[in-house]
Amino acid sequence: MNIDPYILAFSAITVIATIWMGFWAARRSKTASDFFVAGRSVSVGWNASAISGEYLSAASFMGIAGMVMSSGYDALWYPVCYACGYLFLLLFIAGPLRRFGAYTIPDFAEGRYDSPLFRKIAVIFVLFIGFFYTMPQMKGAGVTLAYIFPGLPYQAGVVLVGAVITLNVALGGMKGITLVQAFQYWLKMFAISVPVFVLMAVYGDYGKQLNATQSSNPAAEPAALTRKPLPEKAPKDETWLSPFGPLTTKAAKAAKIPVPRTELISRLDAAGYSKTVFPALGFNSEDTQTNYGLLGSSSRVSVVNYFVAARLAGNSEVAIYIAPDLTNRVVSYPPNLSIPAADFQKTLVEIFKTNGLRLDVLNDEHVVVVDRSSQPAISATTSLPVQSVRRYSLLYTYSLIIALVCGTAGLPHILVRFYTNPDGVAAKRTTMWVMILIGVFYLFPPVFGVIGRNFMPDLYNGLSGVKGTDGIVLKLPTILHERFGALGSILSGITCAGAFAAFMSTFSGLLVSMTGALAHDVYGRMLKPKSTPDQRLRAFKVATVLIGGIAIVLGCFVEPLEINFMVGQAFAIAAASYFPLLFMSVWKRGMTMPGAATGMLTGGLCALFSVTLTNFSNLALDKGPMGKIFSGFAPLNDYWAHHPLLRILCEQPAIWAVPLAIGLMAIVSNLTRDRVPPDIRMKMLVLHAPEKLGLKQEYIQEHHGH
Amino acid sequence: MAMPEKPDMHSEKFLHSLMRRQLRLSITCASAFLVVLLGLPLANYFFPEFMAARVLGFTLTWFLLGIGFCPVVWLISSYFIRRSIALEEAEVREVVEGDKRGAGDE
């Protein structure tokens, strides 16, 4: 192994400093309430830094750069919406929730509907969203470790980093102390910006780098910088630079739509195929070939007939087209074939194979028998016209925007920190600063992607996994080696340190909130309501190890998926579950618990199910071990090819799942009108009246008076 | 004699006007944001050549999304924050003055 000492040193210092600061700060604030109150002693600036520090994950630090490099313009929507999502939070949710005094979303769910049951339902999504969010953090960890220790397998990195952070949280470090999180923000900001400034000073600024992508246009003035040649796998400059590029058109470009029936037949006739029409025999797995007579004794036609019947059961007839030069070869198959139905189709394919023939099923009614070595002469499918691709791409873009903007407002671990301000005015100022701090940060990662495209195009050859573009932030500074020697290593060490800060802070934060949900709500309230504090502490530790373990296992599977893409999916689930819950509960007084629960569960689970399905089919495409594990989902990709719209709606479900959740909430609440909480006017007053009026106090007193 | 203009904190009318005023402000700001956010893909869709024009090396659309977008959002949110703080103060003032008047009345 060839380990760069600078890179190792910077990373090690970050890890040790983070863990040490966690324990140091945890010792100083022993009680749980300190965790929340801590912010009250710090200024708006510190608190804004802390919120930003917690928010900027591996997706922000590594994933955006990787995705901009791999997909170009469309990937810019991610950083922009990550930053702008806060506006929606600010406009519709943050203020009322702060006044209501609920620290977490489950707290709010219980308080708003006076329903401990709803709290238990709402807690589920802390875990769902949390696990989706931890997977990309784990991938970040695996990629970073595989970079620092060349040759180390991805999975080893995931297990190592996951275990260290889990242990750290279980032992009580990283309780989400304001100071530590604030420090993490400035570390990440330093680690992303300094290398960008150095790289731009040496190789040309952002605009100059982007200008270099005009190579496709010979009329343009000669580019001021010499790029490395792009490999085959890299997207072309034109598509990379323009909107509606590879990211949003992938599904539509892969689409195969059927050629109209009449056109198909005329094409086959023109090519001289001989046609026979057979009645299709039903064939299901319970039948055996005995129902249909022995194949061996029947005519040559029967092989084809049975095969087609098996394949296309359900149609009344099937047209078989045999290529002009082959009519004599269809007969050769072994006699006395006796096989169970389950293997029937496979065996017939084998027979055709050994005889040098191939069956191409064109569609439900048309089958072509051709020579195995020949190219598919006739295709029943064609690609989508350019206009449709663009239209689908626009739909994809909008769905992505909705997921990211609404999702930010529904992330379980973000809202907590709005309470660590002394008053509402300070909370609003904090939000303003968070948007500025995050917005400035997000200027930098895309620059890595752009410079990476010009100077490290080798990464395109390993589009997925450790060697893919997700590592560009870590690797890019090393191009300085050839001119400035150690500077390249030092800067690469700095970005590694930033990456560690990113996935450590976010993973720890998620682990704390998920463990809290599991230990506090599931164990403390559902399983053992009468447990002692000691038992609860032990439950907390067990839950940490359990959740950390699951996160590590999940993380091991996702190497082929892009970090940023996975975080986008977590946002989509949050957008379809928590965002509608918060939005509707704050602004619609007629909401009832059954309505809120139905909408949240349906929207959230639909989004969860469809993005998981997309991930499985993506993993089935992987050429590595994951492709084998998930090979069962490969047929899904054929299905997607025929239904590109469905594929897009599954990959980016927000555009239908968010309205679905909101609609269901409105309808079911209306049907269960009699279950509106009796003191709803007071609740709405507490949510909306200025804090200075002291309604919260009044509400608490009334509530305790019951 | 109850004064008709005295806002009672617990009245339906007060809650109504409270929520309506807040929602109006939020929706105004959200619409400004959504016009920009949802308009950019439309501009890309209908005017691809124009959006691909070069500005300082960037394409226009890259420049707008990658650099110019956040400052616009900052402007919207700073407007919202100033207005909502003012709104809250006005609401408090209304209630407190109403109370005083109500108290002086008795």
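Predicted model only: the values in this text are computed from it and were never measured.

1. Observations concerning the overall build of chain B
Item 1. Regarding its fold elements, chain B presents 3 helices and 2 strands.
Item 2. For chain B, the sequential pattern of α-helices and β-strands runs α-α-β-β-α.
Item 3. Per-residue burial for chain B yields a buried fraction of 42% across its 106 residues.
Item 4. Here chain B has roughly 5,900 Å² of accessible surface; of this, 68% comes from carbon and sulfur atoms.

2. Observations concerning the overall build of chain A
Item 1. When you go through chain A residue by residue, the secondary structure sums to 30 helices and 6 strands.
Item 2. Looking at chain A residue by residue over its 706 residues, the buried ones come to 59%.
Item 3. Across chain A, contacts joining residues at least 24 apart in sequence account for 82% of those joining residues at least 6 apart.
Item 4. Accessible surface computed for chain A: about 27,300 Å², of which carbon and sulfur atoms make up 64%.

3. Digging into a nonpolar patch on the surface
All names here are of chain B.
Item 1. A surface patch of nonpolar side chains, about 460 Å² in accessible area, is lined by Leu42, Phe46, Phe47 and Phe50.
Item 2. In this structure, Phe46 sits in helix α1 (residues 12–46).
Item 3. Here Phe46 falls in the exposed class, since its relative accessible area comes to 54%.

4. Digging into the pattern of salt bridges
Item 1. Tallied over the full model, the rule gives 12 salt bridges over all chains.
Item 2. For Asp237 of chain A, the salt bridge is made with Arg227 of chain A, and the minimal N-O distance between the two is 3.1 Å. Highlighted residues: Asp237 of chain A in helix α11 (residues 237–241) and Arg227 of chain A in the loop between α10 (206–211) and α11, separated in sequence by 10 residues.
Item 3. Of the residues examined, Asp237 of chain A reaches a relative accessible area of 7% and is grouped as buried.
Item 4. Between Glu94 of chain B and Arg21 of chain B there is a salt bridge, with its nearest N and O atoms 3.4 Å apart. With Glu94 of chain B in helix α3 (residues 60–105) and Arg21 of chain B in helix α1, this residue pair connects regions lying 73 residues apart in the sequence.
Item 5. The partly exposed category is assigned to Glu94 of chain B, whose relative accessible area is 31%.
Item 6. A residue is classified by how much of its surface remains accessible, and Arg21 of chain B, at 21% relative accessible area, is partly exposed.
Item 7. It is possible to trace a salt-bridge network through shared partners that takes in Arg99 and Lys428 of chain A together with Glu88 of chain B.

5. Considerations on the side chain of Gln137 of chain A
All names here are of chain A.
Item 1. If you trace the backbone, Gln137 turns up in helix α7 (residues 116–148).
Item 2. At 3.3 Å, the side chain of Gln137 and the side chain of Ser57 are in polar contact.
Item 3. What Gln137 contacts, discounting residues up to four positions off in sequence, is Ser57, Ala58, Ala502, Phe503, Thr506, Phe507 and Val567.

6. Overview of the side chain of Thr59 of chain B
Item 1. Its location among the elements puts Thr59 of chain B in strand β2 (residues 58–59).
Item 2. Look past the residues within four positions of Thr59 of chain B in its chain and what remains in contact with it is Leu241 of chain A together with Met51, Ala52, Ala53 and Arg54 of chain B.

7. Quick word on the interface of chain A and chain B
Item 1. On the side of chain B, 50 residues touch chain A, which itself brings 57 residues to the contact.
Item 2. Buried surface at the junction of chain A and chain B, both sides included, amounts to about 4,900 Å², of which 75% is carbon and sulfur.
Item 3. Glu88 of chain B is the salt-bridge partner of Arg99 of chain A, the closest N and O atoms lying 2.6 Å from each other.
Item 4. For the side of chain A that touches chain B, the secondary-structure elements that each account for two or more residues are α5 (77–100), α10, α11, α16 (386–409), α17 (424–441), α23 (563–587), α29 (680–688) and α30 (695–705) of chain A.
Item 5. Top element by residues in the side of chain A that touches chain B is α5 of chain A. It accounts for 11 residues.

8. A closer look at the confidence of the model for chain B
Item 1. Mean pLDDT over chain B works out to 83, with 84% of the residues at or above the 70 mark.
Item 2. For this predicted complex, the interface confidence reaches an ipTM of 0.88, while the overall pTM sits at 0.85.

9. Focus: the packing of aromatic side chains
Residues and elements named next belong to chain A.
Item 1. In the structure shown here, the tally under the stated rule is 30 aromatic pairs over all chains.
Item 2. For the ring pair Phe88 and Phe92, a centre distance of 5.6 Å and an interplane angle of 70° mean the geometry is edge-to-face. A residue pair is termed a helical-turn pair when its members lie 3 or 4 positions apart in one helix, as Phe88 and Phe92 do in helix α5 at 4 residues.
Item 3. Residue class for Phe88 comes out buried when judged on its relative accessible area of 10%.
Item 4. When its relative accessible area of 5% is taken as the criterion, Phe92 is described as buried.
Item 5. On the numbers, 4.7 Å between centres and 50° between planes, the contact of Tyr203 with Phe455 is tilted. One end of the pair, Tyr203, is in helix α9 (residues 178–203); the other, Phe455, is in helix α18 (residues 444–455), with 252 residues separating them in the sequence.

10. A look at unusual backbone geometry
Item 1. Positioned with a positive phi, Asp114 of chain A is a non-glycine residue whose angle comes to about 50°.
Item 2. With respect to the helices and strands, the residue Asp114 of chain A is situated in the loop between α6 (105–113) and α7.
Item 3. Phi is positive for Leu56 of chain B, close to 50°, though the residue is something other than glycine.
Item 4. Turning to its location among the elements, Leu56 of chain B is positioned in the loop between β1 (54–55) and β2.
Item 5. A relative accessible area of 68% means that Leu56 of chain B is categorised as exposed.

11. Topic: the nonpolar core
Generally speaking, soluble globular proteins have nonpolar side chains that are buried together.
Item 1. Core analysis: the largest hydrophobic core is formed by 209 residues, its most contacted members being Tyr82 and Phe118 of chain A together with Phe33 and Trp62 of chain B.
Item 2. Non-local contacts of Phe33 of chain B, meaning those with residues more than four positions away in its chain, are made with Cys84, Leu87, Phe88 and Val405 of chain A together with Phe69, Val73 and Ile76 of chain B.

12. Some remarks on the packing of α9 of chain A against α17 of chain A
All names here are of chain A.
Item 1. Contact geometry for α9 and α17: axes closest at 10 Å, N-to-C directions at 30°. Viewed along their axes, α9 and α17 adopt a mutual orientation that is roughly parallel. Between α9 and α17 the crossing geometry is left-handed. For the pair formed by α9 and α17, the contact residues are Tyr185, Trp186, Lys188, Met189 and Ile192 on the first element and Leu437, Ile438, Val440 and Phe441 on the second.
Item 2. Counted by class, the contact of α9 with α17 contains 8 nonpolar, no polar and 1 charged residues.

What counts, and at which threshold
- Residues numbered from 1 in each chain as written.
- Chains lettered and ligands numbered in written order.
- Predicted model: local features only at pLDDT ≥ 70, side-chain atom pairs only at ≥ 80, totals over all residues.
- Heavy atoms only, no water.
- Helix = DSSP H or I, 4+ residues; strand = E, 2+ residues; numbered from the N terminus.
- Buried < 20%, exposed > 50% of the residue type's maximum accessible area, 1.4 Å probe, protein only.
- Areas by Shrake-Rupley, 256 points an atom, 1.4 Å probe, with all protein chains shown as cover.
- Contact = heavy atoms within 4.5 Å.
- Patch = residues over 30% accessible without salt bridge, like charges linked within 9 Å, V, L, I, M, F, W, Y side chains within 5 Å.
- Salt bridge = Lys/Arg side-chain N within 4 Å of Asp/Glu carboxyl O.
- Polar contact = N/O pair within 3.5 Å; in protein donor to acceptor, adjacent residues only side chain to side chain.
- Buried area = accessible area lost by both parts, 1.4 Å probe.
- pLDDT = per-residue confidence, 0-100.
- Phe/Tyr/Trp six-rings, centres within 6.5 Å; stacked < 30°, edge-to-face > 60°.
- Core = buried A, V, L, I, M, F, W, Y, C linked by side-chain atoms within 4.5 Å.
- Axes fitted to C-alpha atoms, helices over the stretch in contact; angles between N-to-C directions.
- Parallel < 35°, antiparallel > 145°, perpendicular 65-115°, else oblique.
- Left-handed = near helix turned anticlockwise from the far one by under 90°.
- Nonpolar A, V, L, I, M, F, W, Y, C, P; charged D, E, K, R; others polar.

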